[in-house]
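# Inside the fold
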Amino acid sequence: MQNKRNMSPKKVDIPVQDPIVRSGNFEEVALGYTEEMAIEEANRCLNCKHKPCVSGCPVNVKIPEFVMLITEGKFEEAYEKILETNSLPAVCGRVCPQESQCEAKCVRGIKGESVGIGRLERFAADWSMKNAEKKYDTVPFNGKKVAIIGSGPAGLACAGDLVKLGYDVTIFEAFHLAGGVLVYGIPEFRLPKDLVQKEIDGLVAQGVKIRTNMVIGKVLTIDELLEEEGFSAVFVGSGAGLPMFMNIPGENLNGVYSANEFLTRINLMKAYKEDAKTPIMRGEAVAVVGGGNVAMDAARSAKRLGAKDVYIIYRRSEAEMPARLEEVHHAKEEGIIFKVLTNPVQIIGDDNGWVKGMECVSMELGEPDQSGRRRPIKIEGSEHVIDLDTVIMSIGTSPNPLIRSTTPDLATNKWGCIEADAETGTTSKEGVFAGGDAVTGAATVILAMGAGKKAAKAIDEYIKSKEA
Amino acid sequence: MYKIVRKEILNSQVKLLEIEAPYVARKAEPGQFIILRVDESGERIPFTIADYDREKGTVTIIFQEVGASTLALGLLNEGDSLADFVGPLGVASELEGVKKAAVIGGGLGSAIAYPQAKKLNQMGASVDVIMGYRNKDIIILEKEMAEVSDRLFVTTDDGSNGTKGFVSDILQKLLDEGTEYDVVIAIGPAIMMKVVCDVTRPHGIRTIVSLNPIMIDGTGMCGGCRVTVGGETKFACVDGPDFDGHQVDFDELMRRLSMYKDKERTAVERHKCRLEDQVNAK
């Protein structure tokens with residue numbers, strides 16, 4: 001049965017919480033499609049033979065196939081189709097930058113809006129979680145153990161593929177809870193934590209073991225995992241968790257957070273809840289320095305904690321902002337004030353050492369720099385002070401040195417990223433593979449998942465080659 | 001889950017817990033710390049490792065009940081379990097080659113200084129231990145410290161044990177008498193460490209301090225524990241917790257330690273109210 005094709009140039013709108021209401025709560029912003037809306041949107045897909053969208057996806061989700069299943073009302077089958085190549089559909093449907101990946105390649109995007117692939121992926125995953133009873137095929141163990149360091153997107157994707165191949169997989173997580181950036185970084189209003197937990201529970205049901213509170217590099221080294229703990233291979237997916245600061249005066253004043261600390265207190269430690277045992281400063285006037293997704297998350301979280309004025313301070317113009325368009329749009333709707341072409345010079349403290357303001361300069365754009373973006377140049381004499389009580393630094397992160405400092409034969413580059421083959425995750429050390437932000441520096445959930453999957457394939461080949 | 005195998009009440013506010021954590025015990029070294037959570041909704045609290053037993057697979061912590069979380073921890077008994085226990089974190093103290101050391105503990109800091117004194121003693125170094133307390137009722141670890149030191153000095157702020165004064169006064173006196181040390185290890189409240197550093201600075205004696213700033217993860221991820229050392233920002237959790245005391249900006253450290261003081265006070269009151277409710281209900 002073929003439904004009537006929907007030739008509307010626009011996506012079916014996705015219901016969202018009202019901006020004023022949602023800026024006062026931590027519940028999810030986008031509410032998701034109903035079955036009718038999903039079918040209507042799925043009918044916008046032309047089911048192109050050459051499937052350009054699939055090539056835009058780092059894990060090559062079978063997009064036209066699953067969208068067609070949605071048009072037929074076969075929602076569970078659609079979900080299973082996505083699962084064939086993507087172990088975390090409910091996550092990816094929410095946090096992937098679809099506009100620069102699958103949807104950027106969509107033929108419908110040429111004369112209108114692309115198909116809402118992300119929204120449909122999310123719909124299929126949510127429908128399945130709500131309506132279908134989960135049964136997992138467990139593959140008999142093949143007797144080979146693989147250790148995975150880090151339970152973020154890279155590690156989970158790698159574990160998901162390896163357990164399906166029969167490996168005895170153990171994930172080592174430093175925190176008390178698995179999920180990595182999905183639980184400590186991305187806020188509840190963008191990615192509900194019970195949903196992440198369900199995805200992880202699914203992996204555990206398939207046989208993946210998770211050992212929390214294990215800081216590899218401290219409690220065990222990679223060499224010990226390989227030589228004493230009986231693992232045949234190790235995948236390092238430890239992410240890029242080390243926050244960077246600007247090294248400007250006043251950064252150690254009370255009231256200055258790294259985005260990592262601010263978001264971890266809120267997301268992992270639930271400091272936004274009234275009865276939480278982990279405290280957080282609830283600022284009145286908050287500046288978030290940076291223009292990425294993490295900066296948007298921090299700004300929107302600060303607003304939800306009750307801040308009156310929340311600023312995004314970014315040294316280039318809005319066009320250069322690395323954040324997803326949707327996040328910028330949502331942030332603006334919620335009343336976040338964008339001060340672009342503005343760069344902090346120093347943070348000013350009161351007599352007791354608490355933040356009371358930040359001195360900034362205005363910038364203008366010059367010639368393109370190495371990144372291809374126009375270089376911001378300071379406008380002389382443009383110094384001005386913004387009154388604040390909280391500053392959140394969100395200018396990037398770098399890989400944690402704990403693994404490289406305790407694994408001397410693991411080659412890293414000058415930024416501390418592990419050197420690994422882009423196709424296989426193979427590192428300089430035999431039996432050790434790596435992928436995700438630990439290799440690339442801070443990037444996206446889906447790229448990390450893609451790297452985890454590639455490494456799983458390479459680990460399987462490596463272990464088999466050793467047996468032969 | 002991490003089981004409590006031994007609990008001792010050292011004084012009215014200070015308790016000792018020996019906890020089953022075999023992986024941590026295998027690697028723990030003096031100067032390192034652990035982070036624990038009392039229960040599933042608990043905050044992550046860092047504690048310096050007070051002792052460890054590799055064979056038994058246990059790690060000992062000694063803590064003072066100062067906030068809601070440490071009060072909750074103090075209510076646990078032998079046989080109870082902690083939700084989380086992660087470590088060993090931080091860099092171990094560098095004690096190699098030390099021949100003569102002064103180990104100084106202020107209050108609860110004595111518990112943290114104990115493994116250093118013990119290790120130095122085992123290494124064959126000559127160890128003078130100076131412990132300071134507010135009054136004689138809260139003196140802890142006197143016997144243990146006596147066993148691992150050549151000379152032990154115990155002072156009280158109020159003189160209730162006979163020796164009135166601060167640890168820094170004793171150190172000053174020993175230095176004035178011509179005692180020479182390769183290293184002075186000072187562990188305790190920030191103000192005490194600062195004063196000890198002021199005493200050793202003119203003598204040019206290497207002085208190691210162990211810092212305890214606010215942190216969440218303990219692995220370098222949050223940056224909450226940043227301290228200024230020699231003009232540079234360091235993360236105490238991964239670069240420390242030991243630092244060259246002469247380089248540390250103690251005033252900044254003390255200011256940052258007070259960040260959540262108001263919230264902590266409210267939390268303690270809430271905790272106590274709940275306890276009183278429980279007691280009254282019985």
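Residues numbered from 1 in each chain as written. Chains lettered and ligands numbered in written order. Predicted model: local features only at pLDDT ≥ 70, side-chain atom pairs only at ≥ 80, totals over all residues. Heavy atoms only, no water.

What chain B contains, in helices and strands, is 9 helices and 16 strands. Expected size for 282 residues packed as a compact globule is a radius of gyration near 19 Å; at 19 Å, chain B falls within 12% of this value. Here the C-alpha coordinates of chain B stretch approximately 60 × 40 × 40 Å along the principal axes. When burial is assessed residue by residue, chain B has 56% of its 282 residues classed as buried. In chain B, of all internal contacts separated by at least 6 residues, the share reaching a separation of at least 24 is 65%. Summed over all atoms, the accessible surface of chain B reaches about 11,900 Å², with 49% contributed by carbon and sulfur. (Helix = DSSP H or I, 4+ residues; strand = E, 2+ residues; numbered from the N terminus. Rg over C-alpha atoms; globule rule 2.2 N^0.38 Å. Buried < 20%, exposed > 50% of the residue type's maximum accessible area, 1.4 Å probe, protein only. Contact = heavy atoms within 4.5 Å. Areas by Shrake-Rupley, 256 points an atom, 1.4 Å probe, with all protein chains shown as cover.)

Each partner contributes to the interface: chain B provides 43 residues, whereas chain A provides 44 residues. When the two sides are added together, the surface that chain B and chain A hide from each other amounts to roughly 3,500 Å², 52% of it contributed by carbon and sulfur. When residues of chain B are sorted by the area they lose upon contact with chain A, Tyr23(B), Met221(B) and Arg226(B) head the list and together hold 19% of the total. Counting across the chain B and chain A interface gives 3 salt bridges. (Buried area = accessible area lost by both parts, 1.4 Å probe. Salt bridge = Lys/Arg side-chain N within 4 Å of Asp/Glu carboxyl O.)

The next point concerns the packing of helix H6 (residues 190-200) of chain B against helix H8 (residues 250-257) of chain B. If you want to describe how two helices pack, look at the angle between their axes and the distance between the axes. All names here are of chain B. Contact geometry for H6 and H8: axes closest at 10 Å, N-to-C directions at 175°. In this view, H6 runs roughly antiparallel relative to H8, as classed from their interaxial angle. Of the residues in H8, those touching H6 at Ala190, Ile191, Met193, Lys194 and Cys197 are Phe250, Asp251, Leu253 and Met254. (Axes fitted to C-alpha atoms, helices over the stretch in contact; angles between N-to-C directions. Parallel < 35°, antiparallel > 145°, perpendicular 65-115°, else oblique.)

Frequently, the measure chosen for interface size is the accessible area removed from exposure when the parts meet. Residues and elements named next belong to chain B. Taken as a whole, chain B is organised into domain 1 (2-89) and domain 2 (100-257). Distance between the C-alpha centres of domain 1 and domain 2: 21 Å. Across the boundary between the two partners, domain 1 contributes 19 residues, which contact 20 residues of domain 2. A combined buried area of about 1,700 Å² lies between domain 1 and domain 2, and 62% of that area is made up of carbon and sulfur atoms. Applying the counting criterion to the domain 1 and domain 2 interface returns 2 salt bridges. (Domains from an automatic or database assignment.)

Time to look at the pattern of salt bridges. Residue and element names in this part refer to chain A. Counted by the stated rule, this structure contains 53 salt bridges over all chains. Where Glu41 meets Arg44, a salt bridge forms, and the shortest distance between an N and an O atom there is 2.9 Å. Take Glu41: its relative accessible area is 0%, and that puts it in the buried class. Between Lys453 and Asp161 there is a salt bridge; the shortest N-O distance is 3.2 Å. In this pair, Lys453 is assigned in helix H17 (residues 445-467) and Asp161 in helix H8 (residues 153-164), connecting sequence segments 292 residues apart. Note on accessibility: Lys453 and Asp161 belong to one class, buried. Through salt bridges with shared partners, a single ionic network connects Arg22, Glu99, Arg190, Asp297, Arg300, Arg304, Arg324, Glu326, Glu327, Glu333 and Glu334.

Now for unusual backbone geometry. Residue Gly87(B) is joined to Pro88(B) through a cis peptide bond whose omega torsion reads -10°. Note that Pro88(B) resides in strand E8 (residues 84-89). Within the chain, Lys51(A) stands out as a residue other than glycine whose phi angle is a positive 45°. In this fold, Lys51(A) is placed in the loop between helix H2 (35-42) and helix H3 (52-55).

With that out of the way, let us pick up the packing of helix H5 (residues 75-83) of chain A against helix H7 (residues 117-131) of chain A. Residue and element names in this part refer to chain A. Two numbers describe how H5 lies on H7: the axes approach to 8 Å, and their chain directions differ by 115°. By the angle class used here, H5 and H7 are roughly perpendicular. As for the relative orientation of H5 and H7, their crossing is left-handed in sense. Between H5, through Phe75, Glu76, Ala78, Tyr79 and Ile82, and H7, the contact on the second element is made entirely by Glu121, Phe123, Ala124, Ala125, Trp127 and Ser128. (Left-handed = near helix turned anticlockwise from the far one by under 90°.)

What follows covers the sheet that holds strand E2 (residues 14-20) of chain B. All names here are of chain B. As summarised here, the arrangement of the 5 strands in space is E5-E6-E2-E1-E7, forming an open sheet in which the pairing is antiparallel. The outermost strands of the open sheet, each flanked by one partner alone, are strand E5 (51-53) and strand E7 (81-82). Both strand E1 (residues 2-9) and E2 contribute to a ladder of 5 bridges, which runs antiparallel. Residue Arg6 lies in a different strand from E2, and its bridge partner there is Glu18. (Pairing = 2+ DSSP bridges.)

All names here are of chain A. Buried within H2 are the following residues: Ala38, Glu41 and Ala42. Projected down its long axis, H2 shows its buried positions confined to an angular sector of 100°, all on one face. On its buried side, H2 packs onto helix H4 (63-71) and H7. (Arc of directions from axis to C-beta.)

Next up on the list: the pairing of strand E11 (residues 355-368) of chain A. All names here are of chain A. One ladder, built from 7 bridges, connects strand E10 (residues 342-349) with E11; its direction is antiparallel. From the neighbouring strand, Ile347 faces E11, where its bridge partner is Met358. As consecutive antiparallel partners, E10 and E11 are separated by 5 residues, and within that stretch Gly353 has a phi angle of approximately 85°, a positive value. In the sheet, E11 pairs with strand E13 (residues 384-387) via 4 bridges, with the strands oriented antiparallel. Bridge assignment links Cys360 to a residue of E13, and that residue is His384. Two strands pair when backbone bridges link them, and E11 and strand E12 (residues 374-378) are joined in this way by 4 bridges, in the antiparallel orientation. If you follow Met363 over to E12, its bridge partner there is Lys378. Two successive antiparallel strands, E11 and E12, enclose a turn made up of 5 residues, where Gly372 displays a positive phi of approximately 85°.

Let's shift gears to the environment of Gly441(A). Residues and elements named next belong to chain A. Residue placement: Gly441 occurs in the loop between helix H16 (437-440) and H17. With a relative accessible area of 10%, Gly441 lands in the buried category. With residues up to four places along the chain from it excluded, the contact list for Gly441 reads Ala240 and Cys417.

With that settled, the discussion passes to the side chain of Asp84(B). Its place among the elements puts Asp84(B) in strand E8. The class of Asp84(B) is buried, set by a relative accessible area of 5%. Once residues lying within four places of it in the same chain are set aside, the contact partners of Asp84(B) are His176(A), Asn213(A), Tyr2(B), Ile35(B), Leu36(B) and Arg37(B).

What follows covers the sheet that holds strand E9 (residues 337-340) of chain A. Residue and element names in this part refer to chain A. Taken in spatial order, the 5 strands make up an open sheet running E6-E14-E7-E8-E9, and their pairing is parallel. Each of the sheet's edge strands pairs with one partner strand only, and the pair in question is strand E6 (256-258) and E9. Taken over all neighbouring pairs, the strand axes of this sheet differ in orientation by 20° on average, direction set aside. Relative to strand E14 (residues 390-393), strand E7 (residues 285-289) is paired through 4 bridges, and the arrangement is parallel. Paired with Ala287 across the strands is Val391, a residue of E14. Here helix H12 (residues 259-267) sits on the sheet in contact with E6 and E14, set at roughly 85° to E6.

Our next topic: the environment of Asn142(A). Residue and element names in this part refer to chain A. Turning to its location among the elements, Asn142 is positioned in the loop between H7 and strand E1 (145-149). Separated by 145 residues in sequence, Asn142 and Ala287 place their C-alpha atoms 53 Å apart. Among residues more than four places away in sequence, those in contact with Asn142 are Leu165, Gly166 and Tyr167.

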